[in-house]
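# Survey of secondary and tertiary structure
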Amino acid sequence: MDIQVIVNQMIILFLVMIIGYIANKSGILDQTQNQKMSSLVLNITSPGLILSSVRAPTNGSLSSVIQIFLISIAIYMVLPIMGILLSRILKVPKEDRNLYQFMTIFSNIGFMGYPVIQSIFGDEALFFASIFNLVCYSYGVYLISGSGKLSFDFKQLINPGIIFSIIAVIIYLTKYQMPQIIGETSDLIGSITTPLAMMITGSSLAEIPIKEVLNDIRIYPYTIIKQILMPILFWWVLKFIIQDPVILGVLVILIAMPVGSIAIMFCNQFEGNTTLASKSIFITTLASVFTIPILVYLLFI
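Per-chain numbering applies: the sequence of each chain, read as written, is numbered from 1 onward. In keeping with the predicted nature of the model, local features appear solely for residues at pLDDT of at least 70, side-chain atom pairs appear and are counted solely at 80 or more, and the whole-chain, interface and lining totals rest on all residues. Only hydrogens and water are set aside; all other atoms, that is, all heavy atoms of the structure, feed into the side-chain values.

### Observations regarding the overall build of the protein chain
Going along the chain from the N terminus, every DSSP run of H or I of four or more residues is numbered as a helix, and every run of E of two or more is numbered as a strand. Secondary structure assignment for the protein chain yields 14 helices and 0 strands. Along the protein chain, helices (α) and strands (β) appear in the sequence α-α-α-α-α-α-α-α-α-α-α-α-α-α when read from the amino end. Relative accessibility thresholds used throughout: buried, under 20% of the residue-type maximum; exposed, over 50%; partly exposed, between the two (1.4 Å probe, protein chains only). Counting across all 301 residues of the protein chain, residues that qualify as buried make up 52%. Considering only contacts in the protein chain between residues 6 or more positions apart, those separated by 24 or more positions represent 84%. Only the protein chains shown count as cover for residues, and all accessible areas are computed by the Shrake-Rupley method using a 1.4 Å probe. Carbon and sulfur atoms form 66% of the exposed surface of the protein chain, whose accessible area is close to 14200 Å². In what follows, residue pairs with any heavy atoms lying within 4.5 Å of each other are defined as contacts.

### Thoughts on the nonpolar core
Soluble globular proteins tend to pack their nonpolar side chains together in the buried interior. Core analysis: the largest hydrophobic core is formed by 83 residues, its most contacted members being Val-116, Phe-127, Ile-253 and Ile-292. Residue contributions to this core peak at 10 residues, all from helix α14 (residues 274–300). Those residues in contact with Val-116 that lie beyond four places of it in its chain are Met-10, Leu-13, Ile-253, Met-257 and Ile-292. Residues enter a nonpolar core if they are buried and are Ala, Val, Leu, Ile, Met, Phe, Trp, Tyr or Cys, with the set joined through side-chain atoms within 4.5 Å.

### Some details on the packing of helix α3 (residues 62–89) against helix α12 (residues 245–255)
Packing of α3 against α12 leaves a shortest axis separation of 12 Å and a crossing angle of 25°. Comparing their axes, α12 and α3 come out roughly parallel. Every pair of crossing elements has a handedness; the one defined by α3 and α12 is right-handed. Between α3 and α12, the contacting residues are Gln-67, Ile-68, Ile-71, Ser-72 and Ile-75 on the first element and Ile-247, Leu-251 and Ile-255 on the second. Each residue gets one label: Ala, Val, Leu, Ile, Met, Phe, Trp, Tyr, Cys and Pro are nonpolar, Asp, Glu, Lys and Arg are charged, and the others, such as Gly, are polar. Residues that form the contact of α3 with α12 fall into these classes: 6 nonpolar, 2 polar and no charged. Lines fitted to C-alpha atoms define the axes, with helix axes restricted to the stretch in contact, and inter-axis angles between N-to-C directions lie between 0 and 180 degrees. Each angle receives one of four descriptions, namely roughly parallel if under 35 degrees, roughly antiparallel if over 145, roughly perpendicular if within 65 to 115, and oblique otherwise. Handedness of a helix crossing follows the sense of rotation of the near helix relative to the far helix, less than a right angle counterclockwise being left-handed and clockwise being right-handed.

### Side note on helix α11 (residues 219–238)
Spanning 20 residues, α11 covers 27 Å between terminal C-alpha atoms, matching the ideal 28 Å at 1.5 Å per step. Here the bend at each residue means the angle between axes fitted to two seven-residue stretches, the one ending at that residue and the one beginning there. In α11, a bend of some 30° at Ile-225 exceeds every other bend along the element. Along α11, the residues classified as buried are Ile-219, Tyr-222, Thr-223, Ile-225, Lys-226, Gln-227, Ile-228, Met-230, Pro-231, Phe-234, Trp-235 and Leu-238. Looking at the buried residues of α11, the elements they touch are α3, α4 (97–105), α12 and α14. How far a helix is expected to stretch is found by multiplying one less than its residue total by 1.5 Å.

So this is what it looks like as structure tokens:
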């Protein structure tokens, strides 16, 4: 694994994000268009990317799928505890502790996770990421829609992200070779996910006043802990369990992703601290351009 290649890929993703930022400031994109394009990415292009990741026959095994799925569940059981500990360590005001917990659990997998994983580990690794995201989708819908209660509408779990992740698992296990026309269509649709997702991220960041971003000192140690120390801790534990270096790398890098934009939606729905969520997304997203290559160098080179 060449660290220079990874650094170059992160710089490219960062530049595409800057283009989205400039497009917003120039009036080409706005918040309404961000929302519509986000829906396009989540419901159409990302599922296409997931499907294209298993286009070619693989040596897939049920044990690998089960291992990733179970470890992902375990990770999502530990992350809430780490979110609580982080909020206590950083002496977060009581009214913002739930938000810090939420931000620690739900990272930006759909928009940044897939492009970064594809850049570092290749197309097949996207399939492993989709299994991790499958758990994130289902648990996230449960947590938000349940609003702290142990009941919610299972129909909300029927979305393209979950449907195509399940289809990908079936294709992976059966080694089914898709018809060429279907495979090439999914490749074409999926190929626009990375540039579109990064431009949306940049455009969304442009909606946040920079002056308000830099004045919250607590976010900086939070970013270091979330995007450097936590992934290293998970890597140290998981390396004794996972033998496949690609699966290990995918899980660790996904844990290291910045705060997801879903945090703002969460705040809007439940009257949370939208300003804090916006600042955290901005800082952690920009930091990831540096923290991801550092992690890869420290753990996998």
